[in-house]
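Structure at a glance
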Amino acid sequence: MEATDVDAVVRSDAALLEDDLAEFLGSLTAPARAAASVYDTALRRSLYEPVADAVGSRTGQQALPPTAATPGGRAPLRPSMVYWAYRNYRGFPGELAGDDMAAELAVVRRTAVAVRILLKAAVALDDIQDGSDVRYGEPALHTVHGTPLALNTGAWLIVSALRHAADPAVVDSLVHSVGDGFTGQAVDMSSRTALTRAELLAAPRAVRVGFWEETAALKTGTLFRMPLDAALAGLRVVEDDRLALDGAMRQLGLASQLFNDLTDFVPELGGADTHEDFDGLGNRVLLELLDGAPPEAEFKPYVFGHPRLERTLLALAEEAVALKRAAKDTVHGVCRSERSAAYFDVTIERKGHLVDRLLATVRQRSGL
């Protein structure tokens with residue numbers, strides 16, 4: 001199978017997910033179309049419309065551009081790690097056989113929808129917690145519908161996603177991932193409290209970096225781990241592969257969080273959000289440079305005037321690239337075919353290519 005054929009399978013799987021997602025959303029919001037009473041109208045406004053807005057918003061990940069004469073050719077598509085797992089462990093079109101394949105594909109399809117809904121719920125709740133009014137160029141859900149309704153919508157989507165997943169092993173995996181995500185969010189928010197800030201300011205660099213790594217592994221790593229582990233659970237993949245892939249997703253999560261932290265300092269990639277995330281101590285660049293900072297220091301002028309800033313940016317950009325490459329090597333090690341490896345690369349490089357761009361940009365800026 002040539003690269004173009006792998007791309008066609010990726011697009012076909014992604015288009016199937018979009019169709020399933022639209023059907024899922026339609027089933028959730030069907031009462032809104034028949035609203036007649038005051039109660040029905042209130043329900044539409046307070047739940048179904050916020051749900052439709054939350055699910056319909058962009059995920060923020062680069063989509064595959066529309067391509068004529070391909071599945072979903074008229075709309076951008078977002079590949080799913082759930083379907084990569086299915087292709088890796090069950091095969092590509094023409095390779096699939098057996099009476100269990102239809103049942104397993106049904107589990108995978110439901111899992112992929114559940115994962116997408118959980119990611120949408122996470123966005124809605126995260127924007128409230130971070131006080132973000134805009135998400136990827138669109139108004140955040142709470143700015144449109146208000147914080148109480150956005151909170152309720154996020155919680156309702158979590159319950160609906162878990163119910164939709166249905167398979168007990170998948171649900172168990174998703175519940176663990178949701179718990180990890182909330183745990184990471186809690187620790188991340190604690191970095192904005194006076195007690196944790198004082199402890200981090202007084203801690204040696206190794207402790208600060210350890211704090212960042214554990215938080216990022218839960219908060220951001222979960223976004224990579226959740227789709228894959230849920231799919232592996234549904235497909236009953238052997239434990240050794242699950243552990244290896246879990247480690248790879250942790251590495252991708254750390255690489256992604258490094259990218260996010262570094263773009264606060266790189267306008268070429270950070271855009272309008274550059275220089276905005278200095279209220280807390282969750283930024284890795286800041287944590288690296290805190291040695292010797294006076295307790296009353298204003299972080300923005302302190303870090304931008306630091307003599308080690310450029311070297312720190314370069315070192316962390318190199319670390320992000322190394323983490324991404326190590327993760328890809330691990331995944332390729334469990335890929336059962338070259339087609340599977342190519343499928344994974346197409347899926348992950350939507351954001352992974354930005355990590356490489358970041359390093360090139362930082363090198364050019366620093367001249368180091």
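Our subject is the structure listed above.
Quick summary incoming for the structure in this document. (Residues numbered from 1 in each chain as written. Predicted model: local features only at pLDDT ≥ 70, side-chain atom pairs only at ≥ 80, totals over all residues. Heavy atoms only, no water.)

**Here's the deal with the overall build of the protein**
Helix and strand content of the protein: 16 helices and two strands. Of all 368 residues assigned to the protein, the portion counted as buried reaches 49%. Within the protein, contacts between residues separated by at least 24 positions form 74% of all contacts whose residues are at least 6 apart in sequence. Total accessible area on the protein is roughly 16,800 Å²; 55% of this is exposed by carbon and sulfur atoms. (Helix = DSSP H or I, 4+ residues; strand = E, 2+ residues; numbered from the N terminus. Buried < 20%, exposed > 50% of the residue type's maximum accessible area, 1.4 Å probe, protein only. Contact = heavy atoms within 4.5 Å. Areas by Shrake-Rupley, 256 points an atom, 1.4 Å probe, with all protein chains shown as cover.)

**Notes on the pattern of salt bridges**
Scanning all chains against the criterion turns up 23 salt bridges. Here Arg-365 ties to Glu-310 by a salt bridge, and the two come within 3.9 Å at their closest N and O atoms. A residue pair is termed long-range when its members are at least 10 positions apart, and Arg-365 in helix H16 (residues 338–366) and Glu-310 in helix H15 (residues 309–334) qualify at 55 residues. Judged by its relative accessible area of 34%, Arg-365 falls in the partly exposed class. (Salt bridge = Lys/Arg side-chain N within 4 Å of Asp/Glu carboxyl O.)

**What to know about helix H3 (residues 81–90)**
By the criterion of burial, H3 is predominantly enclosed, with nine of the ten residues buried. Buried within H3 are the following residues: Met-81, Val-82, Tyr-83, Trp-84, Ala-85, Tyr-86, Arg-87, Asn-88 and Tyr-89. The distance from a side-chain oxygen at the start of H3 to the backbone nitrogen of Val-82 is 3.0 Å, and the residue carrying that oxygen is Ser-80. The positive-phi residue at the C-terminal boundary of H3 is Gly-91, with phi of around 110°. (Polar contact = N/O pair within 3.5 Å; in protein donor to acceptor, adjacent residues only side chain to side chain.)

**A look at unusual backbone geometry**
Trans is the prevailing form of peptide bonds, just as negative phi is the prevailing case for residues other than glycine. Positive phi values are uncommon outside glycine, yet Ala-166 reaches one of about 70°. For Ala-166, the position within the fold is in the loop between helix H6 (147–165) and helix H7 (168–190). Note on Ala-166: relative accessible area 45%, which makes it partly exposed. The phi angle at Arg-236 is positive, at roughly 60°, despite the residue not being glycine. In this structure, Arg-236 sits in the loop between helix H10 (221–235) and helix H11 (239–262). In this structure Arg-236 comes out as exposed when scored by relative accessible area, which is 52%.

**With respect to the nonpolar core**
Counting 64 residues, the largest nonpolar core has Trp-84, Leu-174 and Met-249 as the members making the most contacts within it. Looking at this core, the element that brings in the most residues is helix H4 (residues 101–130), giving 13 residues. In this view, Trp-84 contacts Leu-228, Leu-245, Val-331, Val-334, Cys-335, Ser-340, Tyr-343 and Phe-344; residues no more than four positions away in its chain are not counted. (Core = buried A, V, L, I, M, F, W, Y, C linked by side-chain atoms within 4.5 Å.)

**Some words on the packing of aromatic side chains**
Under the criterion given, the structure shown has three aromatic pairs. Where Trp-84 meets Phe-344, the ring centres are 5.7 Å apart and the plane angle is 65°; that geometry is what we call edge-to-face. Taken together, the residues Trp-84 in helix H3 and Phe-344 in helix H16 connect sequence positions 260 residues apart. Each member of the pair, Trp-84 as well as Phe-344, is classed as buried. The lysine or arginine in question, Arg-284, covers the ring of Trp-212, its NZ or CZ lying 4.8 Å from the ring centre. (Phe/Tyr/Trp six-rings, centres within 6.5 Å; stacked < 30°, edge-to-face > 60°. Lys NZ or Arg CZ within 6 Å of the ring centre and 35° of its normal.)

**Here we look at the packing of H4 against H10**
Helix-helix packing is described using two parameters, namely the angle between the two axes and the distance between the axes. Packing of H4 against H10 leaves a shortest axis separation of 10 Å and a crossing angle of 160°. By the criterion of interaxial angle, the relationship of H4 to H10 is roughly antiparallel. Taken as a pair, H4 and H10 cross one another with a handedness that is right-handed. Where H4 approaches H10, its residues Glu-104, Val-107, Val-108, Thr-111, Val-115, Leu-118 and Leu-119 are matched on the opposing element by Leu-223, Met-226, Pro-227, Ala-230, Ala-231, Gly-234 and Leu-235. Of the residues belonging to the contact of H4 with H10, the class tally is eleven nonpolar, two polar and one charged. (Axes fitted to C-alpha atoms, helices over the stretch in contact; angles between N-to-C directions. Parallel < 35°, antiparallel > 145°, perpendicular 65-115°, else oblique. Left-handed = near helix turned anticlockwise from the far one by under 90°. Nonpolar A, V, L, I, M, F, W, Y, C, P; charged D, E, K, R; others polar.)

**Points about empty space enclosed by the protein**
Rolled over the atoms, a probe sized like a water molecule indicates the empty space that remains. Following the criterion strictly, the structure yields one cavity of 30 Å³ or more and no others. The volume enclosed by the largest cavity comes to roughly 80 Å³. Forming the boundary of the largest cavity are Phe-224, Leu-252, Ala-255, Ser-256, Lys-324, Ile-348, Lys-351, Gly-352 and Val-355. Counting residues per element, the ones that place at least two in the lining of the largest cavity are H11 and H16. Among the elements that make up the lining of the largest cavity, the one with the highest residue count is H16 (four residues). When the residues that make up the lining of the largest cavity are grouped by side-chain class, the tally is five nonpolar, two polar and two charged. (1 Å grid on protein atoms, 1.4 Å probe; cavity = no way out; pocket = protein on both sides within 12 Å on 5 of 7 lines; lining within 4 Å. Points joined across faces, edges and corners; volume = space filled by probe spheres on them.)

**Describing the environment of Val-51**
Topologically, Val-51 is positioned in helix H2 (residues 38–56). Owing to a relative accessible area of 0%, Val-51 belongs among the buried residues under this scheme. Beyond its immediate chain neighbours, meaning those up to four positions away, Val-51 contacts Leu-25, Leu-28, Thr-153, Trp-156 and Leu-157.

**Remarks on the environment of Ser-191**
Note that Ser-191 resides in the loop between H7 and helix H8 (194–202). Measuring from C-alpha to C-alpha, the distance between Ser-191 and Leu-281 comes to 5.4 Å, with 90 residues separating the pair along the chain.

**Some points on the side chain of Asn-283**
One can find Asn-283 in the loop between helix H12 (267–270) and helix H13 (284–288). Overall, the relative accessible area of 1% leaves Asn-283 in the buried class. A polar side-chain atom of Asn-283 sits 3.2 Å from the main-chain carbonyl oxygen of Asp-261.

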